[in-house]
Amino acid sequence: MSRASRDEGFVEFVQARRTHLRRIAYAVCGDWHRADDLTQTALTKLYVAWPRVNRDGREEAYVRTIIVRADVDEHRRPWRRESAGLPDVERPGREELPVEDRSALFDALQELPPMQRKVVVLRHWLGLSVAETAQELRISQGTVKSHSHRGLESLRGALSEEHH
Amino acid sequence: MDTDIRDRLERSFGDGPAHPPLEEQLAAGSRALRRRRGTAAAAACAVVVALGASYAVATSGSSPGTGSQIAHEPTPSPSSAAPASGPTWEDDTPIRYLDGELQIRAGVVVHERLRNPFGNAPPKLSDALDLTYQGQRMWVLAERKATGFGYTSAVPSNGWASFADWVASQTGDAAPGEDGWPETVRLDAGGQVVAARGADIVQRTDHPRLGANFAAPGTPTGAAVVTVGGDDRSFFVVWRVVDGQLDVITTPPRDVVGASFDELLNHARLQYAAEEGLR
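Cut-offs used in this document
- Residues numbered from 1 in each chain as written.
- Chains lettered and ligands numbered in written order.
- Predicted model: local features only at pLDDT ≥ 70, side-chain atom pairs only at ≥ 80, totals over all residues.
- Heavy atoms only, no water.
- Salt bridge = Lys/Arg side-chain N within 4 Å of Asp/Glu carboxyl O.
- Helix = DSSP H or I, 4+ residues; strand = E, 2+ residues; numbered from the N terminus.
- Buried < 20%, exposed > 50% of the residue type's maximum accessible area, 1.4 Å probe, protein only.
- Expected span 1.5 Å × (residues − 1).
- Bend = angle between axes of the 7 residues up to and from the residue.
- Pairing = 2+ DSSP bridges.
- Polar contact = N/O pair within 3.5 Å; in protein donor to acceptor, adjacent residues only side chain to side chain.
- Phe/Tyr/Trp six-rings, centres within 6.5 Å; stacked < 30°, edge-to-face > 60°.
- pLDDT = per-residue confidence, 0-100.
- Contact = heavy atoms within 4.5 Å.
- Axes fitted to C-alpha atoms, helices over the stretch in contact; angles between N-to-C directions.
- Lys, Arg positive; Asp, Glu negative; His and termini not counted.

Caption draft 1: Highlighting the pattern of salt bridges. Residue and element names in this part refer to chain A. Under the defined criterion, the tally for this structure stands at 10 salt bridges over all chains. Between Arg22 and Asp36 there is a salt bridge, with its nearest N and O atoms 3.0 Å apart. Placement of the pair is Arg22 in helix α1 (residues 3–29) and Asp36 in helix α2 (residues 32–48), with a sequence separation of 14 residues. Classification of Arg22 as buried rests on a relative accessible area of 1%. Residue classification places Asp36 among the buried residues on the basis of a relative accessible area of 18%. Across the salt bridge formed by Glu136 and Arg64, the nearest N and O atoms sit 2.6 Å from each other. Here Glu136 is found in helix α7 (residues 130–137), whereas its partner Arg64 is found in helix α4 (residues 59–75), with 72 residues between them in sequence.

So this is what it looks like as structure tokens:
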């Protein structure tokens, strides 16, 4: 595959899907900066793997999997002893974000335990099946069902509040 | 309820701030591809590099790479930095960038350096260093951009099999969850922890009693000595299954030699009781 061909296909995909993909990242992590980082990391990996992934037509699933698993992995490292930067070192600047447009339901989603939140996002927002969700998150189908049940139960309170 | 909640979730938040420029996203992919190809080429001639490298870290010898490939410079022995010239060192950092060059603080011992791990194009710079500063071994990742000096450090940890694996995980060159260790155990379809393909469990307990700092009461945990792929070396691993997901912590073979299974377990218990852990 020529570089021009790879670039053309990649740009077309990113233009069409990056808003949706970053929203997935935001739904699982609740922070737009981190969502940007997650999406960028996933898109970078997609570019490297483009010929194989594009041939199979799995671009979106590939990026989504990296996003949800990467965030899962961040939560799985309780003993990661790491410091990001020093207080007196100049850090790359971040532009100010606009005021968040998010509902009580989204806040309730963010309060769910990480894996419950991911199951709800994949199953009940993106519409993946139990089997697909289990495969995506590398957990059993039984675990998907229990997380789904508990997650939805927790969200019902927020839903009923929105009704009133 | 499904359609209802799907619609509500869809409407529960906006699209967020403006995206980064598309050109940047394309360029990041392009740099990663060049790094991947550069790493493969470097691996192919690693022996030659090791024989030919005479690497000393000094201000004058640390000019940035001109391309986007990783220049992997194995050090036959640790190198102490020569006194750095330039203005007074104000920050408590072992390295800095000055006039487009990496400077190593006097007294810092560099064990290994990976040049330009982010694949930045000049004048942006990046470096990864395995070093000792004030008696503390550190893995450091530094980046010089137009907006400033980005700096990340970590205490060398069993969370990654090597310095290079840590760098790959930080720069996005490693797939999520890839830490350089061989796969030793896995979850089977029934949710049980079993030996990974090609691995053999030599000794095992499903009741390692590693305490609440390791896992909440009721969490499935275990520990084992495992060999992989017929390798003579053994790995001591401990695991916990959290939210249906297996988290394995691997201890390097050098720490397993000469120790009994009980001694390894006792060491692990002490590490978690002290809130240090094994990673």
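Caption draft 2: Seen up close, α1 of chain A. With 27 residues, α1 of chain A should reach 39 Å at 1.5 Å per residue; the first-to-last C-alpha distance of 33 Å falls well below that figure. At Arg17 of chain A, α1 of chain A shows its maximal bend, which comes to roughly 60°.

Caption draft 3: Fine view of the pairing of strand β4 (residues 109–115) of chain B. Residues and elements named next belong to chain B. Most of β4 is tucked away: six of the seven residues are buried. As paired elements, β4 and strand β5 (residues 125–133) share six bridges and run antiparallel to each other. When the bridges of β5 are listed, Arg113 appears paired with Leu129.

Caption draft 4: Representation of the side chain of Arg113 of chain B in the model. Inspection of the secondary structure assignment puts Arg113 of chain B in strand β4. Polar side-chain contacts of Arg113 of chain B include one of 2.7 Å to the side chain of Asp127 of chain B.

Caption draft 5: Layout of the packing of aromatic side chains. Applying the stated criterion across every chain, the model contains 14 aromatic pairs over all chains. Relative to Trp32 of chain A, the ring of Tyr26 of chain A lies with its centre 3.7 Å away and its plane at 5°, an arrangement referred to as stacked. For the pair formed by Tyr26 of chain A and Trp32 of chain A, the shared burial category is buried. Where Tyr26 of chain A meets Phe13 of chain B, the ring centres are 5.4 Å apart and the plane angle is 55°; that geometry is what we call tilted. Placement of Tyr26 of chain A in helix α1 and of Phe13 of chain B in the loop between α1 (2–11) and α2 (22–44) is noted, with the two residues assigned to different chains. Exposure remark for Phe13 of chain B: the relative accessible area of 5% places this residue in the buried category. What links up through ring pairs into an aromatic cluster is the set Tyr26, Trp32, Phe106 and Trp125 of chain A together with Phe13 of chain B.

Caption draft 6: Region of the structure containing the confidence of the model for chain B. All names here are of chain B. For chain B, mean pLDDT is 76; residues scoring 70 or higher make up 76% of the total. Mean pLDDT values over the elements of chain B span from 27, in helix α3 (residues 46–52), up to 95, in strand β9 (residues 193–195). Counting contacts from residues 39–76, a segment whose pLDDT is below 50, to residues more than four positions away or on other chains yields 68 contacts.

Caption draft 7: Focus on the sheet that holds strand β13 (residues 245–251) of chain B. All names here are of chain B. One open sheet holds the four strands; their spatial order is β10-β11-β12-β13, and the pairing between them is antiparallel. Unpaired on one side and paired on the other, β10 (199–205) and β13 mark the two borders of the sheet. If you compare each strand with its neighbour and ignore which way they point, the axes differ by 30° on average. For β10 and strand β11 (residues 221–228), the ladder comprises six bridges, and the chain directions are antiparallel. Its bridge partner lying in β11, Arg204 is registered against Ala224.

Caption draft 8: Seen up close, the side chain of Glu59 of chain A. Residues and elements named next belong to chain A. If you trace the backbone, Glu59 turns up in helix α4. Of the buried charged residues, Glu59 lacks a salt bridge, with Arg58 as the closest side chain of opposite charge at 8.1 Å. Among residues more than four places away in sequence, those in contact with Glu59 are Phe13, Leu46, Trp50, Val53 and Asn54.

Caption draft 9: Structural context of helix α6 (residues 114–125) of chain A. Residue and element names in this part refer to chain A. Along its 12 residues, α6 runs 15 Å from first to last C-alpha, staying within 8% of the 16 Å computed at 1.5 Å per residue. By the criterion of burial, α6 is predominantly enclosed, with 11 of the 12 residues buried. By the burial criterion, the buried members of α6 are Met115, Gln116, Arg117, Lys118, Val119, Val120, Val121, Leu122, Arg123, His124 and Trp125. Directly after α6, the chain includes Gly127, whose backbone phi takes a positive value near 80°.

Caption draft 10: Here's a closer look at the pairing of strand β3 (residues 101–104) of chain B. All names here are of chain B. Examined bridge by bridge, strand β2 (residues 95–98) and β3 share four bridges and lie antiparallel to one another. Paired with Ile95 across the two strands is Ile104, which belongs to β3. From the end of β2 to the start of β3, which pair antiparallel, there are two residues, and Asp99 there has a positive phi angle of about 50°.

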